[in-house]
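As a plain string of letters, each chain reads:
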Amino acid sequence: MLTLKLIQENKEFVIERLAVKNKNVGESVEKIIEFDNNRRSLQNQSDNKLAELNKVSQEIGQLMKSGQKEEAEKAKQITVSLKEDIKILGQQLADIEKQLHDVLVTLPNLPHSSVPKGKTPEDNEIVRSGGPAIKENDQMVPHWDLAKKYDIIDFDLGNKITGAGFPVYKGKGAKFQRSLIGFFLDEATNAGFREVIPPFMVNEDSGFGTGQLPDKEGQMYHDATDNLYLIPTAEVPVTNIFRDVVLNESEFPVKYTAYSPCFRREAGSYGKEVRGLNRLHQFDKVEIVVVANPKDSYEQLEKMVDHVENLLLKLELPYRILRLCGGDMSFTSSLTYDFEVYSEAQKRWLEVSSVSNFESFQANRLKLRYKDEATKKNQLAHTLNGSALALPRIVAALLENNQTPDGIKVPEILLPYTGFKFID
RNA sequence: GGAGAGAUGGCAGAGUGGUCGAAUGCGGCGGUCUUGAAAACCGUUAUUCGAGCGAUCGGAUCGGGGGUUCGAAUCCCUCUCUCUCCGCCA
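Residues numbered from 1 in each chain as written. Chains lettered and ligands numbered in written order. Predicted model: local features only at pLDDT ≥ 70, side-chain atom pairs only at ≥ 80, totals over all residues. Heavy atoms only, no water.

Student: So what's going on with unusual backbone geometry? Residues and values would help.
Tutor: Of all residues except glycine, most have a negative phi; of all peptide bonds, most are trans. Residue Pro-253 follows Phe-252 across a cis peptide bond; omega there is -15 degrees. Tracing the chain through its elements places Pro-253 in the loop between strand 8 (246–248) and strand 9 (254–263). Omega for the bond connecting Ala-388 with Leu-389 falls within 30 degrees of zero, at 5 degrees, which places this linkage in the cis form. Phi at Asp-151 is positive, roughly 55 degrees, even though this residue is not glycine. With respect to the helices and strands, the residue Asp-151 is situated in the loop between helix 5 (143–149) and strand 2 (153–154). Take Asp-151: its relative accessible area is 43%, and that puts it in the partly exposed class. (Helix = DSSP H or I, 4+ residues; strand = E, 2+ residues; numbered from the N terminus. Buried < 20%, exposed > 50% of the residue type's maximum accessible area, 1.4 Å probe, protein only.)

Right, here's the structure in full:
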């Protein structure tokens with residue numbers, strides 16, 4: 001959520017920046033300013049009436065004490081109309097505040113100045129690529145066939161137990177999954193991220209805090225009985241650790257990592273894009289979350305990018321890093337880097353990580369602040385997060401790219417975790 | 001799931017319906033003393049909205065929401081959460 005101060009003071013800037021996200025918010029911004037001005041005026045009136053009532057009430061107290069009953073009764077008369085006015089003003093105020101809030105939450109975060117203009121993924125900017133050279137070979141088998149051949153991931157069985165998008169990992173497939181999670185968590189903790197195991201369900205306040213609610217209600221699984229949501233990413237519970245928190249400046253940067261299963265309804269998806277592991281309703285992911293001083297949040301972002309890149313290098317996967325264009329960015333993000341790995345059998349790039357700086361957009365919703373040493377004032381902190389990494393597409397790429405006549409070759413770095421060199 | 005108790009400032013813990021944003025203690029910060037430190041003593045110590053260039057002034061906030069009253073931390077209703085006991089259980 002953008003701050004009112006920013007909108008009031010930099011109206012044109014807000015409109016111009018959001019044009020990069022292909023949003024025309026001129027009308028919304030005008031409404032917000034009008035509502036906010038209204039709000040101020042109403043609060044002013046209401047405050048004055050309240051001050052008057054408080055004064056009269058105190059006087060009545062004094063009169064009662066000194067036994068001047070007649071005078072007290074007379075003073076009570078004054079409060080009648082005062083209270084009526086306060087009631088009406090209070091209702092109007094609540095009304096305008098709701099209207100203001102309703103428009104305010106529809107505004108996406110402002111994109112950073114480095115965000116390229118554009119509408120589709122085609123317009124994303126390739127920052128750099130790396131890893132081993134891509135092997136051109138038409139004989140390569142896609143991962144869904146390899147999964148069946150070695151009996152390591154069973155989509156049909158998951159279909160029977162739950163439904164599409166809930167695979168069962170079996171034998172070396174299950175161990176491989178667990179190995180990757182362990183590897184990612186170890187890498188993160190070695191890089192200074194504190195590991196947490198968060199709840200996998202969150203309440204409404206948490207959903208709002210990170211921006212999933214009210215916007216993307218339909219993308220989360222919802223338990224209506226207890227009004228809880230299955231997390232779509234560990235970002236939600238982990239970032240919400242800091243809801244309503246005031247940090248000391250010396251605590252920055254706060255770095256957390258968490259493994260969690262992620263649940264996404266992905267309503268409306270179909271076709272070959274979602275085949276096999278490409279898109280699931282339940283998948284595993286290790287997330288990294290950083291709460292940073294606004295002064296250096298972009299340095300922190302680059303460090304996170306380096307961390308993720310390093311993981312891909314260690315796994316020996318061909319990758320590329322994209323800076324997302326305005327049209328492809330999420331509602332809450334200021335700047336996002338996507339990481340893609342090349343899947344040699346499917347012959348396409350698969351997104352495996354997304355690393356973003358949200359600046360104060362989430363912090364404003366979360367009321368996540370820090371005490372500024374210089375001014376002694378509470379200021380909004382910056383939040384960042386990234387996948388490090390999401391498992392299924394990494395697994396897909398590893399299976400496809402490492403297939404040999406002897407089985408799937410396990411990357412060197414994972415051997416201490418798997419205990420086997422081949423999936424066969 | 002059943003029965004009971006509770007929710008007050010960073011923490012602990014008072015609070016008779018009337019200057020209570022709230023005693024006191026601890027902690028934190030600043031100072032005196034000291035070569036330095038400790039101890040002792042003195043002072044200070046919430047958030048947020050609005051008005052003003054500013055000193056400052058006003059409003060709101062004692063788990064959330066609603067009510068009674070001229071006036072609510074204090075009384076009433078309701079929701080949430082925590083604790084104790086019983087039941088069930090990985």
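Now that the structure is up, let's keep going.
Student: I'd like to hear about the protein's contact with RNA strand B, residue by residue, with values.
Tutor: In the region of RNA strand B, 19 residues are neighbours, and Arg-39, Gln-43, Ser-57, Arg-369 and Lys-371 sit closest. Within the side chain of Asn-54, one N or O atom sits 3.2 Å away from a phosphate oxygen of RNA strand B. If you list the elements that add at least two residues to the surface near RNA strand B, you get helix 3 (26–65), helix 4 (69–104) and strand 14 (369–371). Looking at the surface near RNA strand B element by element, the count peaks at 13 residues for helix 3. Looking at the surface near RNA strand B residue by residue, the classes come out as five nonpolar, seven polar and seven charged. (Near = heavy atom within 4 Å. Polar contact = N/O pair within 3.5 Å; in protein donor to acceptor, adjacent residues only side chain to side chain. Nonpolar A, V, L, I, M, F, W, Y, C, P; charged D, E, K, R; others polar.)

Student: Outline the packing of helix 7 (residues 172–190) against helix 12 (residues 391–401), listing residues and values.
Tutor: With their axes 11 Å apart at the nearest point, helix 7 and helix 12 run at an angle of 115 degrees to one another. Of the two possible hands of crossing, helix 7 and helix 12 adopt the one that is right-handed. Counting all contacts with helix 7, which are made through Phe-176, Gln-177, Leu-180, Ile-181 and Phe-184, the residues of helix 12 involved are Leu-391, Ile-394, Val-395 and Leu-398. Counted by class, the contact of helix 7 with helix 12 contains eight nonpolar, one polar and no charged residues. (Axes fitted to C-alpha atoms, helices over the stretch in contact; angles between N-to-C directions. Left-handed = near helix turned anticlockwise from the far one by under 90°. Contact = heavy atoms within 4.5 Å.)

Student: I'd like a description of helix 12, backed by residues and values.
Tutor: Of all 11 residues in helix 12, 10 are buried, a share of seventy percent or more. Among the residues making up helix 12, those that are buried are Leu-391, Pro-392, Ile-394, Val-395, Ala-396, Ala-397, Leu-398, Leu-399, Glu-400 and Asn-401.

Student: Give a description of a negative patch on the surface that names residues and reports values.
Tutor: Taken together, the side chains of Glu-204, Asp-205, Glu-217 and Asp-244 define an acidic patch exposed on the protein surface. Its place among the elements puts Asp-205 in helix 8 (residues 204–209). Residue classification places Asp-205 among the partly exposed residues on the basis of a relative accessible area of 49%. (Patch = residues over 30% accessible without salt bridge, like charges linked within 9 Å, V, L, I, M, F, W, Y side chains within 5 Å. Areas by Shrake-Rupley, 256 points an atom, 1.4 Å probe, with all protein chains shown as cover. Salt bridge = Lys/Arg side-chain N within 4 Å of Asp/Glu carboxyl O. Lys, Arg positive; Asp, Glu negative; His and termini not counted. Charge placed at Lys NZ, Arg CZ, Asp CG, Glu CD.)

Student: If you had to explain the packing of helix 3 against helix 4 to someone new, which residues and values would you point to?
Tutor: The N-to-C vectors of helix 3 and helix 4 enclose an angle of 160 degrees; their axes lie 8 Å apart at closest approach. Here helix 4 runs roughly antiparallel to helix 3, going by the angle between their axes. Regarding helix 3 and helix 4, the two cross each other, and that crossing is left-handed. (Parallel < 35°, antiparallel > 145°, perpendicular 65-115°, else oblique.)

Student: Tell me about the pattern of salt bridges, and please be specific about residues and values.
Tutor: Across all of its chains, the model carries 20 salt bridges by this definition. We note a salt bridge from Lys-347 to Asp-138, for which the minimum N-O separation is 3.9 Å. Here the residue Lys-347 occupies a position in the loop between strand 12 (335–343) and strand 13 (348–357), and Asp-138 occupies one in the loop between strand 1 (125–130) and helix 5, the gap between them amounting to 209 residues. What emerges from the salt-bridge pattern is a single network uniting Asp-36, Arg-39 and Arg-40.

Student: Hey, could you go over the sheet that holds strand 16 (residues 382–390) for me, with residue numbers and the actual values?
Tutor: As summarised here, the arrangement of the eight strands in space is 1-11-12-13-16-10-9-4, forming an open sheet in which the pairing is mixed. Each of the sheet's edge strands pairs with one partner strand only, and the pair in question is strand 1 and strand 4 (194–196). Geometrically, the sheet is characterised by an average inter-axis angle of 25 degrees between neighbouring strands, direction not taken into account. Summarising the sheet, strand 10 (residues 282–292) and strand 16 pair through seven bridges and their orientation is antiparallel. (Pairing = 2+ DSSP bridges.)

Student: Just give me the short version of the domain arrangement of chain A, but keep the residues and values in it.
Tutor: Its domain assignment divides chain A into domain 1 (4–104) and domain 2 (121–423). Taken together, the four residues of domain 1 in the interface contact seven residues of domain 2. When domain 1 packs against domain 2, the two sides together hide about 330 Å² of surface, and 50% of this comes from carbon and sulfur. For the pair domain 1 and domain 2, the number of links is zero salt bridges. (Domains from an automatic or database assignment. Buried area = accessible area lost by both parts, 1.4 Å probe.)

Student: Requested: an account of the packing of aromatic side chains, with residues and values cited.
Tutor: Scanning the entire structure with this criterion turns up seven aromatic pairs. Ring geometry for Phe-242 and Tyr-256: centres 5.4 Å apart, planes at 85 degrees, overall edge-to-face. Highlighted residues: Phe-242 in the loop between helix 9 (235–239) and strand 8 and Tyr-256 in strand 9, separated in sequence by 14 residues. Each of the two residues, Phe-242 as well as Tyr-256, counts as buried. A cation over an aromatic ring shows up here: Lys-255 above the ring of Phe-193, its NZ or CZ 4.7 Å from the ring centre. (Phe/Tyr/Trp six-rings, centres within 6.5 Å; stacked < 30°, edge-to-face > 60°. Lys NZ or Arg CZ within 6 Å of the ring centre and 35° of its normal.)

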